[in-house]
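Reading the structure
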Amino acid sequence: ADCRYTCLQECRSLVALDCRRPGQSQLSPESTLLPACSQHVTHTVEEEKPEPPTIQEIKQKIEKYNAKVTNCLLMKLNDDGTYTGFIKVHLKLRRPVTVPAGIRPQSIYDALKEVNLADMTDKRTSFYLPLDAIKQLHISSTTTVSEVIQGLLKKFMVVDNPQKFALFKEMRKDGQVLFQKLPLTEYPLYLRLLAGPDTDVLSFVLKENETGEVEWDAFSIPELQNFLMILDKEEKDKIQQVRRKYEKFKQRLQQTLKEARGKPG
C-alpha cells in the first residue's frame with residue numbers, strides 16, 4: 001500500500017522489507033502480499049503458435065502467388081486443402097559427393113518404376129557437383145525439408161548420408177545475403193507461397209550440414225582418403241602462394257637496395 005512492493009506468494013519467506021510508514025514498525029512481506037488473483041502478479045505467458053491457415057486463406061494466397069508468376073510454374077490447390085508447386089534449389093557444395101561408379105543415366109522407365117540405380121553396384125566414386133547448380137523440384141505442401149534433401153540426393157544418385165546436408169533459405173536484406181538453416185520438419189513450399197515467386201526475395205540452397213562438429217563416422221574410408229588428398233593439395237598450394245609472395249618481396253627489396261647504393265645517406 002505504501003511502497004508498492006509486489007511479491008509472489010511462494011517468495012514471501014525470502015523477502016525482508018525495510019520501508020516504514022511514520023510511526024509504524026517494519027512492514028512484513030505478508031502486509032504487502034497481493035492476492036493470487038491480483039492482476040499485478042507476474043506470471044509467464046507461453047507464446048501462442050499461429051493458427052494454421054484455412055483453405056480459403058490458402059486459396060487466396062495461391063491466387064495472389066499465381067498472378068505474379070512469369071513462367072508456367074504455377075501452384076495448384078487440391079480438394080483436400082493441400083497444394084502442389086515448384087521450388088528451385090541451388091546446390092552450393094564445397095565437398096565432393098559419393099555416387100555409384102559406372103552407372104548409366106536414369107531412363108524414363110527407371111523413373112516410372114522407381115528403380116534405384118545406386119543399389120545395382122557396390123562400386124563408389126567421388127566427384128564435385130557443378131558449383132551453384134540449380135535443380136527444380138515439383139513438391140507438395142506436405143513435403144518436408146528432410147524429404148526435399150533425400151529427393152535431391154536421389155536425383156543426382158548421391159549415396160552419401162542425408163545427415164551430411166542441410167537446406168537453407170537465402171534472403172536478401174539491405175544489400176546483404178542472409179542464410180538460415182531450415183529445420184527438417186519445415187515445409188519449403190509453404191515458405192515459397194508466403195514469399196512469392198521472386199527468388200530474389202527467397203531462394204533455397206543445399207549446403208553441407210555445418211554443425212560445428214564434423215560427424216566423421218558418417219563418412220566412408222574412400223571419402224576420408226579423398227579429403228586427405230584434397231587437404232594435402234590445398235596445403236601445397238598455400239605453401240606455394242606464400243613462397244611466391246615473399247620471393248616477390250625479396251626481389252623488390254633487393255632492387256631497392258641496389259638503386260640506393262652510391263646515393264648519399
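In this numbering scheme, every chain counts its residues from 1 along its sequence in written order. Only residues with pLDDT of 70 or above have their local features reported here, since the model is predicted, and side-chain atom pairs are shown and tallied only from 80 upward, although totals for entire chains, interfaces and linings are computed over all residues. The side-chain quantities take in all heavy atoms of the structure and omit both hydrogens and water.

1. A closer look at the overall build of the protein
Per the secondary structure count, the protein includes six helices and eight strands. The numbering of helices and of strands both runs from the N terminus, where a helix is a DSSP run of H or I of at least 4 residues and a strand a run of E of at least 2. Secondary structure elements of the protein occur, N-terminal to C-terminal, as α-α-β-β-β-α-β-β-α-β-β-α-β-α. A simple rule labels every residue: compare its accessible area, found with a 1.4 Å probe on the protein chains alone, to the largest value its type can have, and call it buried under 20%, exposed over 50%, or partly exposed in between. Each of the 265 residues in the protein was classed as buried or not, and the buried ones make up 27%. Within the protein, residue pairs in contact and separated by at least 24 positions form 66% of the contacts whose partners lie at least 6 positions apart. Throughout, the Shrake-Rupley method with a 1.4 Å probe supplies accessible areas, and for residues the shown protein chains are the sole cover considered. For the protein, the computed accessible surface area is about 19,700 Å², with 52% contributed by carbon and sulfur atoms. Contacts between residues were defined by any pair of non-hydrogen atoms, one from each residue, lying within 4.5 Å.

2. Overview of the environment of L74
Here L74 lies in the loop between α2 (55-68) and β1 (76-77). A relative accessible area of 41% places L74 in the partly exposed class. Sequence separation between L74 and I62 is 12 residues; the distance between their C-alpha atoms is 8.6 Å. Residues contacting L74, with those up to four places away along its chain left out, are N66, V69, T84, G85 and F86.

3. Focus on α2
Helix span, as expected, comes to 1.5 Å for every residue beyond the first. The terminal C-alpha atoms of α2 lie 20 Å apart, and with 14 residues this matches the ideal 20 Å at 1.5 Å per residue to within 8%. Where the residues of α2 are buried, they touch β1, β2 (83-91) and α5 (188-195).

4. Some remarks on the nonpolar core
Of all hydrophobic cores here, the largest spans 30 residues; its most connected members are I87, V89, F165, L167, F204 and L206. Elements with a minimum of two residues in this core: α2, β2, β3 (97-100), β5 (133-140), α4 (145-155), β6 (165-173), α5 and β8 (203-208). With five residues, α4 is the single largest residue contributor to this core. Contacts of F204, omitting those with residues within four sequence positions, involve I87, K88, V89, H90, L167, F168, L182, P188, L191 and R192. Put simply, a nonpolar core is a bunch of buried Ala, Val, Leu, Ile, Met, Phe, Trp, Tyr and Cys residues held in one set by side-chain atoms that sit within 4.5 Å of each other.

5. Considering the side chain of T82
Here T82 shows up in the loop between β1 and β2. Pairs of N or O atoms are called polar contacts if they sit within 3.5 Å, as long as, within protein, a hydrogen donor faces a hydrogen acceptor (for residues adjacent in sequence, only side-chain-to-side-chain pairs). At a separation of 2.7 Å, a polar atom in the side chain of T82 contacts the side chain of D80.

6. Some points on the confidence of the model for the protein
Per residue, pLDDT measures the predictor's confidence, with a range of 0 to 100. Scored by pLDDT, the protein has a mean of 77; 69% of the residues are at 70 or more. Here residues 25-47 scores under 50 on pLDDT; set against residues more than four positions off or in separate chains, the count is 27 contacts.

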